[in-house]
Each structure stands twice: as C-alpha cells, then as structure tokens.
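Residue strings, one per chain:
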Amino acid sequence: MKIADIRVREVSVPRIYDTYSADVQKLQSADERSRSRYQIIELFTEDGIVGLGEVSDIYDRMQPLSAVDLRDLLREELVGGDVAQWPLLYQRVATALPDIYHPELRGLTLFGVEIALLDLVGKRFDAPLYELLGGRCRDGVEVCWVGFLRGEISLAEELAAFEAEIAEKVAQGMRAFKLKVGEDHPRDLARIELFRQIAGPDLYLRVDASGSWQELEAIDKIGQMTQVGVNACETPVVAVSRQIANDNPEEINARADEAAQSLARVRAAATIDIIEHVADLGDTLSAALVRHRAVDVVNVIPSQGGGLMRGLRLIHTAQTAGMAALLGSTVEMGPGTAAFVHLGVAAQNVTVSSDLVAPGLLVDDVCASPFAYEGGTLRPFTGPGLGIELDEDKMEKWAL
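Residues numbered from 1 in each chain as written. Predicted model: local features only at pLDDT ≥ 70, side-chain atom pairs only at ≥ 80, totals over all residues. Heavy atoms only, no water.

### A look at the overall build of the protein
- Regarding its fold elements, the protein presents 16 helices and 12 strands.
- Overall size of the protein, expressed as C-alpha extent along the three principal axes, is 60 × 40 × 40 Å.
- Burial status across the protein gives 62% buried among its 400 residues.
- Charge centroids of the protein, computed over 38 positive and 61 negative side chains, lie 2 Å from each other. (Helix = DSSP H or I, 4+ residues; strand = E, 2+ residues; numbered from the N terminus. Buried < 20%, exposed > 50% of the residue type's maximum accessible area, 1.4 Å probe, protein only. Lys, Arg positive; Asp, Glu negative; His and termini not counted. Charge placed at Lys NZ, Arg CZ, Asp CG, Glu CD.)

### Some details on helix α14 (residues 334-346)
- A rise of 1.5 Å per residue sets the reference length of α14, with its 13 residues, at 18 Å; its end C-alpha atoms lie 18 Å apart and thus fit the reference within 8%.
- Of all 13 residues that make up α14, 13 are buried, and the element is covered over most of its length. (Expected span 1.5 Å × (residues − 1).)

### Examining the pattern of salt bridges
- Tallied over the full model, the rule gives 31 salt bridges.
- In this structure, the salt-bridge partner of Asp-355 is Lys-178, at a minimum N-O distance of 2.6 Å. Of this pair, Asp-355 sits in the loop between α14 and α15 (358-361) while Lys-178 sits in strand β6 (residues 176-180), placing them 177 residues apart in sequence.
- The exposure class assigned to Asp-355 is buried, which follows from its relative accessible area of 4%.
- Across the pair Glu-234 and Arg-206 runs a salt bridge whose closest N-O atoms are separated by 3.5 Å. On the criterion of sequence distance, the pair formed by Glu-234 in strand β8 (residues 232-234) and Arg-206 in strand β7 (residues 204-208) is long-range, its members being 28 residues apart. (Salt bridge = Lys/Arg side-chain N within 4 Å of Asp/Glu carboxyl O.)

### Some details on the layout of surface pockets
- Its volume calculated, the largest pocket comes out at about 340 Å³.
- Taken together, the elements giving at least two residues each to the lining of the largest pocket come down to α4 (103-124) and α10 (249-253).
- Here the lining of the largest pocket gets 5 residues from one element, more than from any other, and that element is α4.
- Across the lining of the largest pocket, the residue classes tally to 6 nonpolar, 7 polar and 7 charged. (1 Å grid on protein atoms, 1.4 Å probe; cavity = no way out; pocket = protein on both sides within 12 Å on 5 of 7 lines; lining within 4 Å. Points joined across faces, edges and corners; volume = space filled by probe spheres on them. Nonpolar A, V, L, I, M, F, W, Y, C, P; charged D, E, K, R; others polar.)

### As for the pairing of strand β1 (residues 3-14)
- The buried fraction of β1 is high, at 9 of 12 residues.
- Sheet topology places β1 next to strand β2 (residues 35-45); 11 bridges connect them, and they run antiparallel. Pairing of Arg-9 across the sheet is with Ile-40, part of β2. (Pairing = 2+ DSSP bridges.)

### As for the packing of helix α3 (residues 86-96) against α4
- It is the contact of α3 with α4, at a shortest axis distance of 10 Å, that shows an interaxial angle of 160°. On the basis of the axis angle, α3 is roughly antiparallel to α4. Here α3 runs over α4; the crossing is right-handed. Between α3, through Trp-86, Leu-89, Tyr-90, Val-93 and Ala-94, and α4, the contact on the second element is made entirely by Arg-106, Leu-110, Val-113, Glu-114, Leu-117, Leu-118 and Val-121.
- In terms of residue class, the contact of α3 with α4 is built from 10 nonpolar, no polar and 2 charged. (Axes fitted to C-alpha atoms, helices over the stretch in contact; angles between N-to-C directions. Parallel < 35°, antiparallel > 145°, perpendicular 65-115°, else oblique. Left-handed = near helix turned anticlockwise from the far one by under 90°. Contact = heavy atoms within 4.5 Å.)

### Looking at helix α7 (residues 185-199)
- End to end, α7 covers 21 Å across 15 residues, agreeing with the expected 21 Å (1.5 Å per residue, within 8%).
- For α7, the tally of buried residues reaches 11 of 15 residues, placing the bulk of the element in the interior.
- Of all the positions in α7, only His-185, Arg-187, Asp-188, Leu-189, Ala-190, Arg-191, Ile-192, Leu-194, Phe-195, Arg-196 and Ala-199 are classed as buried.
- Elements that come into contact with the buried residues of α7 comprise β5 (145-147), α6 (155-171), β6, β7 and α8 (215-227).
- Just downstream of α7, Gly-200 is the residue with a positive phi angle, here 85°.

### Side note on the packing of aromatic side chains
- Summed over the entire model, instances satisfying the criterion amount to 3 aromatic pairs.
- Between Phe-111 and Phe-340 the ring centres are 5.6 Å apart and the planes differ by 80°, which places this aromatic pair in the edge-to-face class. Placement of the pair is Phe-111 in helix α4 and Phe-340 in helix α14, with a sequence separation of 229 residues. Neither residue differs from the other here; Phe-111 and Phe-340 are each classed as buried.
- A ring pair is formed by Phe-371 and Phe-381, whose centres lie 4.6 Å apart and whose planes are at 40°; its orientation type is tilted. Highlighted residues: Phe-371 in the loop between α15 and β12 (377-378) and Phe-381 in the loop between β12 and α16 (392-397), separated in sequence by 10 residues.
- Over the aromatic face of Tyr-17 sits the side chain of Arg-150, whose NZ or CZ is 3.7 Å from the ring centroid.
- Positioned above the aromatic ring of Trp-145, the side-chain terminus of Lys-169 is 4.2 Å from the ring centre. (Phe/Tyr/Trp six-rings, centres within 6.5 Å; stacked < 30°, edge-to-face > 60°. Lys NZ or Arg CZ within 6 Å of the ring centre and 35° of its normal.)

### A closer look at empty space enclosed by the protein
- According to the stated counting rule, one finds 2 cavities of 30 Å³ or more in the structure shown.
- Approximately 50 Å³ is the volume found for the second largest cavity.
- Lining the second largest cavity are Val-278, Ser-286, Leu-289, Val-290, Val-298, Leu-314, Thr-317, Ala-318 and Met-323.
- For the lining of the second largest cavity, the elements supplying multiple residues, two or more each, are α12 (283-291) and α13 (308-320).
- For the lining of the second largest cavity, the class distribution of residues is 7 nonpolar, 2 polar and no charged.

### A look at the sheet that holds strand β10 (residues 297-300)
- Judged by pairing direction, the sheet is parallel, and its 7 strands sit side by side in the order β5-β6-β7-β8-β9-β10-β11 without closing on themselves. Edge positions in the sheet fall to β5 and β11 (324-327), since each of these pairs with one other strand and no more. Pairwise comparison of adjacent strand axes, ignoring direction, gives a mean angle of 25° for this sheet.
- Where β10 and β11 come together, 4 bridges link them in parallel fashion. Residue pairing for β11: Val-297 is matched across the bridge by Ala-324.

Function-wise, these values are silent; they only describe arrangement.
Set out below in structure tokens:
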C-alpha cells in the first residue's frame with residue numbers, strides 16, 4: 001500500500017465560551033480564547049484508501065506553515081512511500097521540518113502525520129487502532145471536565161456561569177473535574193467551594209495552576225485548596241511553567257533535575273496528588289521525575305509529544321516507576337480525539353481521568369460521527385484505523 005497524494009485543509013471551530021489558563025505573558029489573543037484552529041491531513045493511497053490526521057489547536061505565535069506549504073512538504077517526503085514502512089516515513093517528515101519550526105508545533109505536526117499513517121495501517125489490516133497499540137484493556141476513557149478561567153468579568157458573573165456549567169456536567173454524568181487556577185487565589189478558592197456545594201464531597205476535583213506559583217507559594221496555596229476539597233494539583237510551580245514548556249522547552253530540559261527537585265519538595269509537603277506534564281518536554285525531565293519521586297501522576301498529551309508511540313513510551317516509563325498517567329489535551333478535533341481514545345483504552349496505566357474535553361467544548365466537529373460522552377466516558381469507534389470519516393459539509397462550513 002503506497003501513498004499517492006496528500007491534502008491539507010484548515011478549519012477553525014468556536015468554543016462554547018471564551019477559555020484560557022493562567023497566562024502571565026498574555027500569549028493568547030482574544031480570538032484564540034474563543035475558537036480553535038486545525039490543519040486536517042489526508043493521505044490517499046493508490047487504491048483509494050484515506051488516512052486522516054490532525055494538527056491540533058494552532059496558535060498564531062507558532063507561525064505555522066500554510067496548508068499549501070505543509071501539503072507540499074508532506075508530498076515531498078511521503079508520496080510513493082510504502083505504508084508498511086510507516087516509521088521510516090514518519091522520520092522523514094521529522095527530519096524535513098525546518099529547524100526554526102516552533103517546538104510545540106513540531107510535535108503537533110508530527111502527531112498529525114503519525115495518526116494519518118496509523119489510520120492507513122489499521123485500514124490495511126482491517127483493525128482498530130487500539131489493536132495496533134497492544135489491545136484493548138478497558139471499555140472507554142473516563143473524562144475529567146475542565147472548567148477554564150473566564151476572563152475579565154466580575155466574580156459574581158464568573159460564579160454564576162461556573163455554577164451552571166458544573167451543574168450541567170454533573171447532571172450529564174461527569175464524575176471528575178479540573179479547574180484552571182493561578183491568577184486570583186481568593187477567586188480560585190471561591191470556585192472550589194462552589195464546586196463542592198454543587199457536586200458534593202465525593203466527585204474528583206483537581207486544579208491546574210499552569211506553573212504560576214513559586215515553590216513556597218505553591219505549598220501554601222495547595223494546602224488551602226486541599227482544605228476546601230481539592231484531590232490533586234497539576235503543574236504547581238514556575239520551574240515547569242506551561243508557557244515556557246510550550247514555547248521554549250529547552251529552558252526546562254536544561255534544568256530538569258532542578259525542576260524535578262522543586263516538584264518533589266512540593267509533593268513532600270502536600271497531602272494530595274501532584275501531577276506534571278511530560279510529553280512536550282524531553283525524556284530527561286521524565287527521568288528526573290522518576291529519580292526524585294517528584295510526582296504521583298504524569299500528564300501525557302501525545303499531540304504535543306510528537307505522536308502516540310512516544311506517548312505510549314512515556315506512559316510505560318511512568319508505569320515502571322509506579323506513577324499513574326492521564327491523557328491531557330490541546331482541545332483536539334475528531335481525528336485527534338479518536339487517536340487519544342484508542343491510546344487510552346490500550347494503555348493499562350492510564351488510570352486517572354483524562355482531559356478529553358473537545359466533544360463538549362467545541363460547538364461542532366468535522367467528523368461524520370462526532371464523539372459523545374456516555375456517563376463521563378468516551379469509547380473508541382471500532383472500525384479499522386481511527387474508525388472515523390470526515391463530513392465534507394462541516395469541513396466547508398468551518399473552512400479557513
């Protein structure tokens with residue numbers, strides 16, 4: 001099975017409300033808080049089979065290639081290639097991407113290429129993608145609904161909107177939640193207290209500070225949040241700031257031991273689980289987290305890390321060290337979400353609820369059969385490969 005042609009198209013889909021995380025540098029534009037931008041990759045074989053990929057949630061500051069330029073680059077490296085040798089094809093694209101490519105965009109692009117290739121492999125062998133990843137070990141992936149920050153509105157307005165959002169998701173069967181925090185501590189505590197009033201004492205709640213706090217500040221604020229009902233905290237310290245990890249990951253990779261030791265001290269002081277991202281950072285950070293017993297759970301976003309195979313390796317590394325894993329998210333469209341769900345049901349160590357919120361956060365999808373939550377769970381489509389097809393009417397509706 002050889003690749004005969006490639007198409008790349010861009011779409012942009014609104015979110016149900018403007019969302020953002022703690023953002024000290026104000027990197028997100030207003031438009032990027034209200035909608036998500038994607039490049040959809042299609043690999044066509046000589047016998048008419050199509051492999052779908054997705055470059056997920058692109059920001060302007062990444063300076064992405066145009067759809068035409070990305071198509072031309074992929075054609076140069078992939079057309080004529082044998083799908084049976086897909087890892088070599090993937091590596092050719094990795095080598096061909098310009099050295100000046102934005103680091104996170106590199107991972108997102110390689111993820112899109114990899115899942116398109118794996119979609120073709122699954123179709124070649126008439127097997128769902130989870131079979132290629134080792135086989136299915138659970139029915140579905142439990143989802144942790146993410147309550148984002150809502151921008152410059154009054155506390156009363158934010159709490160009213162937050163109350164409606166959480167009550168709706170609890171009624172829909174969500175059993176796990178994550179709140180973005182880190183910009184306004186009293187406001188964060190008010191949201192946590194309101195969450196417990198709505199959801200009761202038993203539902204799972206973690207907070208995500210996006211690396212907003214200094215170490216002692218993190219210890220103090222985590223302690224206060226624990227008292228009002230938080231079960232876990234993600235990315236607490238500046239040493240692993242998400243803004244640095246996204247745009248300048250080498251700053252963190254170069255001091256991986258220092259970052260891990262900071263997290264380890266926070267973990268030692270905490271009585272709840274500490275969670276950290278690993279996929280868009282180097283393997284040296286994962287090794288340091290293990291060496292220093294720095295976290296309880298790793299957050300793996302395969303799209304940021306270059307693909308499912310590296311994501312699976314990071315999950316296995318955590319499993320070997322006795323750490324649990326969850327799948328994070330860049331707010332993937334249908335193809336990306338499908339790939340994540342296949343990985344989630346095949347990876348034994350994904351035992352913590354995952355942040356696969358796009359089916360509820362985006363107003364629409366470009367796939368013919370969009371995902372739907374079933375009691376807070378996403379289940380994979382069982383057709384070959386990713387198990388999905390594009391809806392051409394929706395591709396046209398949301399085209400850029």
